[in-house]
Amino acid sequence: MKLMIYTRSMNDEYYQMMTSLLPKDIPLHRVTGMNHWKEAKDYLHYVINHAINNGIEYAINIDEDCFITDWQQVEAIIATMEYTYSHAGMPDGGCHPGRTRDYKVQNPFFNVFNIKLIKFVMSKTKLGFDSKLKKPNFDLMPYGHGGSMKEPFDAFFIRLYKKGNPLHLYADLHRDGITTILKWNDNPFALHTWYSRDASHRDRIIERFEEAKKLKHENQ
């Protein structure tokens, strides 16, 4: 199975920290120069096109302030997606108090894209799954969703939602009141700190990285 990890990067320190926690046998593709807010959508299209053109089966998108603590859970997500799910990620509404937006959209701090199925989604072909099965488990989403604020990547994910089949990941809120503890089947596997562009959050981000290192060691 051919995997590649993609990152939209603008901070050398955070990128080195994030990648130090990843398996050494999976190639990394660092994308720089797409730093503007509006370029988030361009980056996602770039990832899909690059993966298609290079025979990648699963493109894994990880922000440089998202620290993976248990890679085995990522492998479990991929195994679950193989024949059924086009993309996996956390809904951008309902799972974090600061993200109360459209649950059809997955926030691009962590995503897995099943490139074989996304080829259909990006064409005029629908995967044909029951639309009722696409909805997330709202019982696992304690915060609001459906807010009016829009993101440049909304259309990208709404298209995937309508024509593909999303795998929803859920999360807990860290005790620092900001960081997302991302989970798969109730197993935590990543810490996403948010606010990596704000220098005032650097100390907290480094604290979460040190925590992630300890958690990774415990999970080995």
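Computed from a prediction, not measured in an experiment: that's the story for all the values here.

### Points about the side chain of Asp92
Logical step 1: Looking at the element boundaries, Asp92 is found in the loop between β5 (87-91) and β6 (93-96).
Logical step 2: What Asp92 contacts, discounting residues up to four positions off in sequence, is Arg99, Thr100, Arg101, Asp102, Val105, Gln106, Asn107, Glu151 and Phe153.

### Examining helix α5 (residues 154-163)
Logical step 1: For α5, the full list of buried residues reads Asp154, Phe156, Phe157, Leu160, Tyr161 and Lys163.
Logical step 2: Looking at the buried positions of α5, the neighbouring elements they touch are α2 (40-53), β5, β8 (106-114), α4 (115-121) and β9 (166-168).

### Comments concerning the pairing of strand β3 (residues 58-62)
Logical step 1: Of all five residues in β3, five are buried, a share of seventy percent or more.
Logical step 2: Here β3 shows two buried faces, one formed by Tyr58, Ile60 and Ile62 and the other by Ala59 and Asn61.
Logical step 3: Where β3 and β8 come together, five bridges link them in antiparallel fashion. What sits directly across from Asn61, in β8, is Asn111.

### Section: the sheet that holds strand β10 (residues 170-173)
Logical step 1: Strand order in the open sheet formed by four strands is β4-β12-β11-β10, with antiparallel pairing between adjacent strands. Looking along the sheet, the strands with just one partner apiece sit at the ends: β4 (66-68) and β10. In this sheet, adjacent strand axes meet at a mean angle of 35 degrees when their direction is disregarded.
Logical step 2: Of the strand pairs in this sheet, strand β11 (residues 180-184) and strand β12 (residues 187-192) are connected by five bridges, and their pairing is antiparallel. By the bridge assignment for β12, Trp184 is matched with Asn187.
Logical step 3: Here helix α3 (residues 71-81) sits on the sheet and contacts β4, β11 and β12; the angle it forms with β12, its principal contact strand, is near 110 degrees.

### Topic: α3
Logical step 1: If you check which residues of α3 are buried, you get Trp71, Gln73, Val74, Ile77, Ile78 and Met81. Seen from one end, α3 has its buried residues packed into an arc of 155 degrees, which puts them on one side. Across from the buried face of α3, at angles greater than 90 degrees, the exposed residues are Gln72 and Ala79.

### A closer look at the nonpolar core
Logical step 1: By size, the foremost hydrophobic cluster in this structure holds 44 residues, and its most contacted members are Ile60, Ile62, Ile77 and Phe110.
Logical step 2: Broken down by element, the residue count for this core peaks at five residues, all from α3.
Logical step 3: Listed in part, the 21 residues of the second largest apolar core include Val47, Phe113, Ile118 and Phe157.

### Observations regarding the sheet that holds β9
Logical step 1: The six strands lie next to each other as β2-β1-β3-β8-β5-β9, forming an open sheet whose pairing is mixed. In this open sheet, the two strands that pair with only one neighbour each are β2 (28-31) and β9. Averaged over all adjacent pairs, the angle separating strand axes in this sheet is 25 degrees, with direction ignored.

### Thoughts on the environment of Ala76
Logical step 1: Position of Ala76 among the secondary structure elements: in helix α3.
Logical step 2: Residue classification places Ala76 among the partly exposed residues on the basis of a relative accessible area of 26%.
Logical step 3: Spatially, the C-alpha atoms of Ala76 and Leu133 are 20 Å apart, while their sequence positions differ by 57 residues.

### What to know about the pattern of salt bridges
Logical step 1: On inspection of all chains with the given rule, the structure shows 14 salt bridges.
Logical step 2: A salt bridge links Lys41 to Asp42, with the shortest nitrogen-to-oxygen separation between them at 3.9 Å.
Logical step 3: Between Glu211 and Arg175 there is a salt bridge whose closest N-O contact spans 4.0 Å. Note that Glu211 is positioned in helix α6 (residues 202-219) and Arg175 in the loop between β10 and β11, a separation of 36 residues in sequence.
Logical step 4: A relative accessible area of 18% means that Glu211 is categorised as buried.
Logical step 5: It is possible to trace a salt-bridge network through shared partners that takes in Arg175, Asp176, Arg204, Arg208 and Glu211.

Cut-off values and rules
Residues numbered from 1 in each chain as written. Predicted model: local features only at pLDDT ≥ 70, side-chain atom pairs only at ≥ 80, totals over all residues. Heavy atoms only, no water. Helix = DSSP H or I, 4+ residues; strand = E, 2+ residues; numbered from the N terminus. Contact = heavy atoms within 4.5 Å. Buried < 20%, exposed > 50% of the residue type's maximum accessible area, 1.4 Å probe, protein only. Pairing = 2+ DSSP bridges. Axes fitted to C-alpha atoms, helices over the stretch in contact; angles between N-to-C directions. Arc of directions from axis to C-beta. Core = buried A, V, L, I, M, F, W, Y, C linked by side-chain atoms within 4.5 Å. Salt bridge = Lys/Arg side-chain N within 4 Å of Asp/Glu carboxyl O.

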